[in-house]
Amino acid sequence: IDAMKKGSDDRYFGASTALKVAQGVSGTVQDKGSVHRFVPYLAQGIRHGLQDIGAKSVHDLREKLYSGDLRFELRSAAAQREGGVHDLHSFERRLFG
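Residues numbered from 1 in each chain as written. Predicted model: local features only at pLDDT ≥ 70, side-chain atom pairs only at ≥ 80, totals over all residues. Heavy atoms only, no water.

Right, let's talk about the side chain of Asp60 for a bit. Among the structural elements, Asp60 can be located in helix H3 (residues 58–67). Of the side chains with opposite charge, Lys64 lies nearest to the buried Asp60, which makes no salt bridge, at 4.4 Å. Excluding residues that lie within four positions of it along the chain, Asp60 makes contacts with Gly54 and Ala55. (Helix = DSSP H or I, 4+ residues; strand = E, 2+ residues; numbered from the N terminus. Buried < 20%, exposed > 50% of the residue type's maximum accessible area, 1.4 Å probe, protein only. Lys, Arg positive; Asp, Glu negative; His and termini not counted. Salt bridge = Lys/Arg side-chain N within 4 Å of Asp/Glu carboxyl O. Contact = heavy atoms within 4.5 Å.)

Printed below as a string of structure tokens:
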């Protein structure tokens, strides 16, 4: 969210959305209060995920999966490490639950 506030909303396709959802390594969501406050963030996160995949809806995602247009890939431990957080001066991993 910090990066989005500094003007990089366009990269996250969030310039026109009123509800900002953290993507990347910066940001936390506290687990207190009503679930009704959390649902909009969950829905927006799903929209971002669908957009990353190239699906317009959950129905479209399902069609892509069963038609073979969408495939899942296995990633090696090295690929997972490289795809994670790296090259930051400091990083604090927070476990929720």
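Continuing now.
Let us look at helix H2 (residues 35–53). When the terminal C-alpha atoms of H2 are compared, their 27 Å separation across 19 residues agrees well with the 27 Å that a helix rising 1.5 Å per residue should span. With a side-chain oxygen positioned 3.1 Å from the backbone nitrogen of His36, the residue opening H2 is Ser34. (Expected span 1.5 Å × (residues − 1). Polar contact = N/O pair within 3.5 Å; in protein donor to acceptor, adjacent residues only side chain to side chain.)

This part takes up a nonpolar patch on the surface. On the surface, a nonpolar cluster with roughly 630 Å² of combined accessible area is contributed by Val35, Phe38, Val39, Tyr41, Leu42, Ile46 and Val58. In terms of residues, the nonpolar patch owes the most to one element, H2, which gives six residues. Residue placement: Val39 occurs in helix H2. (Patch = residues over 30% accessible without salt bridge, like charges linked within 9 Å, V, L, I, M, F, W, Y side chains within 5 Å. Areas by Shrake-Rupley, 256 points an atom, 1.4 Å probe, with all protein chains shown as cover.)

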